[in-house]
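Architecture at a glance
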Amino acid sequence: MTALELVDIKDFMNKLLGTDLMDHFLMPEAAITTCITHTIDGHMHPEFYGPADEEYEQLRQNDICPFSLVRPMCFDLMKGRRTPLSFHFVFQLSPENQQRTIERSGCRFRPEDISGMFLNLRYQDRRLTCTTGISYRSFSLDKSLEQEWDRLVMLFFKNHQIPFTPL
């Protein structure tokens, strides 16, 4: 697990909510506090969609909503003159990207050993922090996958010109 402070909050938020930067991630949960707190449970209700909907095939594959579907709602909640008091977004790698990450890492873990690979964004007290984490299905002292996930998150930020400071 690593913790980073994202330095240019305005630029990052423009990228997060105004581009497809994070659309390939799933979003299991989020909370945005303005005059009230809006809580988002990203677990899907597939019965809402039918085969005629363009999202149907994508949504049948995962139990958790892709950020691409939630992003417009988050944007609507956060736009305006006032900055939210706080927010917390939990992003999760899709099963396909998680499997690729595990395979590329060269570690001994198998995809079924990992419940999820996460990136948490928290804005509070005018600071935006990011923490990484992995949820294992059983205890392990092996931290090689965590180190690789931390490295990949920092590389992702560097490749997208998102400045950060390790905490």
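1. What to know about the overall build of the protein
- Scanning the protein from N- to C-terminus turns up 5 helices and 7 strands.
- Ordered by position from the N terminus, the helices and strands of the protein form the series β-α-β-β-α-α-β-α-β-β-α-β.
- Over its C-alpha trace the protein gives a radius of gyration of 16 Å, about what one expects of a compact globule, namely 15 Å for 167 residues.
- If one aligns the C-alpha atoms of the protein with their principal axes, the spans along those axes are about 50 × 45 × 25 Å.
- Counting all 167 residues of the protein, 45% fall into the buried class.
- Counting only carbon and sulfur atoms, one obtains 51% of the accessible surface of the protein, whose full area is about 9,800 Å².

2. Some remarks on the sheet that holds strand 4 (residues 86-92)
- Strand order in the open sheet formed by 7 strands is 3-2-4-5-6-1-7, with antiparallel pairing between adjacent strands. The open sheet has two edge strands with one neighbour each: strand 3 (37-41) and strand 7 (164-166). Within the sheet, the average angular offset between the axes of one strand and its neighbour, ignoring direction, is 15°.
- Of the pairings in the sheet, the one linking strand 4 to strand 5 (residues 114-124) comprises 7 bridges and is antiparallel in character. When the bridges of strand 5 are listed, His88 appears paired with Arg122.
- Contacting strand 2 (26-33) and strand 5, helix 4 (residues 95-105) runs over the sheet at an angle of about 105° to strand 5.
- Against the sheet, helix 5 (residues 144-159) contacts strand 1 (3-6), strand 5, strand 6 (127-136) and strand 7, and its axis sits at roughly 145° relative to strand 6.

3. Some details on the side chain of Ser94
- As for its position among the elements, Ser94 is in the loop between strand 4 and helix 4.
- For Ser94, a relative accessible area of 6% corresponds to the buried category.
- Setting aside residues up to four positions removed in sequence, Ser94 forms contacts with His24 and Leu26.

4. Overview of the packing of helix 1 (residues 9-18) against helix 3 (residues 67-78)
- In the contact formed by helix 1 and helix 3, the axes pass within 9 Å of each other and the chain directions differ by 130°. Between helix 1 and helix 3, the interaxial angle falls into the category oblique. Touching Met13, Leu16, Leu17 and Gly18 of helix 1 are Phe67, Arg71, Cys74, Phe75 and Met78, all from helix 3.

5. Regarding the environment of Asp8
- Topologically, Asp8 is positioned in the loop between strand 1 and helix 1.
- With a relative accessible area of 37%, Asp8 lands in the partly exposed category.
- Within the structure, Asp8 has its side chain in polar contact with the backbone nitrogen of Asp11 (distance 3.2 Å).

6. Considering the pattern of salt bridges
- By the definition in use, this model includes 9 salt bridges.
- Note that Asp76 is salt-bridged to Lys79, the shortest N-O span being 3.4 Å.
- In this structure, Arg108 engages Asp142 in a salt bridge whose closest nitrogen and oxygen atoms are separated by 3.7 Å. With Arg108 in the loop between helix 4 and strand 5 and Asp142 in the loop between strand 6 and helix 5, the pair connects residues that are 34 residues apart, well separated along the chain.
- Each of Arg110, Glu112 and Asp113 takes part in salt bridges that share partners, so that together they form one network.

Calculation rules
- Residues numbered from 1 in each chain as written.
- Predicted model: local features only at pLDDT ≥ 70, side-chain atom pairs only at ≥ 80, totals over all residues.
- Heavy atoms only, no water.
- Helix = DSSP H or I, 4+ residues; strand = E, 2+ residues; numbered from the N terminus.
- Rg over C-alpha atoms; globule rule 2.2 N^0.38 Å.
- Buried < 20%, exposed > 50% of the residue type's maximum accessible area, 1.4 Å probe, protein only.
- Areas by Shrake-Rupley, 256 points an atom, 1.4 Å probe, with all protein chains shown as cover.
- Pairing = 2+ DSSP bridges.
- Axes fitted to C-alpha atoms, helices over the stretch in contact; angles between N-to-C directions.
- Contact = heavy atoms within 4.5 Å.
- Parallel < 35°, antiparallel > 145°, perpendicular 65-115°, else oblique.
- Polar contact = N/O pair within 3.5 Å; in protein donor to acceptor, adjacent residues only side chain to side chain.
- Salt bridge = Lys/Arg side-chain N within 4 Å of Asp/Glu carboxyl O.

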